[in-house]
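Here is how the chains run, residue by residue.
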Amino acid sequence: MLGRLARWMRFLGFDTLYSPDISDSRLIRIAKEQDRYILTRDTHLIEVKGVKDYLLIKADDPFEQLLEVFDTLQIKQFNPLSRCVECNGLLTSILDKREIQDSVPEFVFLHFNVFMRCIDCGKIYWEGTHPKKFREKLNEILKKGW
Ligand SMILES: [Zn+2]
């Protein structure tokens, strides 16, 4: 249910695990072991299992969910394009773009100079990877004085 939120969190550089099918007990164990916050919409999980470090997401819209997270956790800094939105792996810069010439569309290769690669799954990123709409919305947030 929070899949899009998870992708946006990763896009902004936050270490975010997302497993929609995970069992409650495993989720709670991983959160404890790795010192993570649990973001959930499941009130049952919070009430019955006595989870402490959690954030109950109320909004339906993924962007409003993102704002809830920023607000509650007092997040003011982002590090966009540092994590893979698909797998949460760290991105590393590609120093010589000829390396990835065959992995991206020709237009992208010709028009962009900054490329990154996920060290876990190999996905290639560049400055224009993410939709313009997302960037515009992000700028809205940043204008709020963060
Ligand atoms: Zn990846």
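Our structure's up above, just so we're on the same page.
My aim in this report is to walk through the structure given alongside it, one point at a time. (Residues numbered from 1 in each chain as written. Predicted model: local features only at pLDDT ≥ 70, side-chain atom pairs only at ≥ 80, totals over all residues. Heavy atoms only, no water.)

**Remarks on the nonpolar core**
Now for step 1: Judged by nonpolar contacts, the single largest core of 24 residues is most densely connected at Leu5, Leu12, Phe14, Leu66, Phe70, Leu91 and Tyr125.
Now for step 2: The contact partners of Phe14, leaving out residues within four places of it in the chain, are Met9, Phe70, Ile75, Gln77, Phe78, Arg83 and Asn88.
Now for step 3: Ranked by size, the runner-up nonpolar core spans 8 residues in total, among them Ile100, Phe109, Phe115 and Trp126. (Core = buried A, V, L, I, M, F, W, Y, C linked by side-chain atoms within 4.5 Å. Buried < 20%, exposed > 50% of the residue type's maximum accessible area, 1.4 Å probe, protein only. Contact = heavy atoms within 4.5 Å.)

**So, the coordination of the zinc ion**
Now for step 1: The protein atoms that coordinate the zinc ion are Cys84 (SG), Cys87 (SG), Cys118 (SG) and Cys121 (SG), at distances spanning 2.3 Å.
Now for step 2: Mapping the donors of the zinc ion onto the primary sequence yields the spacing C-x2-C-x30-C-x2-C.
Now for step 3: A residue is classified by how much of its surface remains accessible, and Cys84, at 0% relative accessible area, is buried. (Donors = N, O, S within 2.8 Å, 3.2 Å for Na, K, Ca; no water.)

**Some thoughts on the environment of Asn88**
Now for step 1: Looking at the secondary structure, you find Asn88 in the loop between α4 (62-73) and β3 (91-93).
Now for step 2: The exposure class of Asn88 is buried, given its relative accessible area of 8%.
Now for step 3: Excluding its chain neighbours within four sequence positions, the residues that come into contact with Asn88 are Arg10, Phe14, Asp15, Thr16, Leu17 and Arg83.
Now for step 4: At a separation of 2.9 Å, a polar atom in the side chain of Asn88 contacts the main-chain amide nitrogen of Thr16. (Helix = DSSP H or I, 4+ residues; strand = E, 2+ residues; numbered from the N terminus. Polar contact = N/O pair within 3.5 Å; in protein donor to acceptor, adjacent residues only side chain to side chain.)

**A look at the side chain of Thr16**
Now for step 1: With respect to the helices, strands and loops of the structure, Thr16 is situated in the loop between α1 (3-11) and α2 (24-33).
Now for step 2: In this structure Thr16 comes out as buried when scored by relative accessible area, which is 11%.
Now for step 3: Engagement of the side chain of Thr16 in a polar contact is seen with the backbone oxygen of Phe14, the distance being 2.8 Å.
Now for step 4: Ignoring sequence-local partners within four residues, the contact set of Thr16 consists of Ala6, Met9, Arg10, Arg36 and Asn88.

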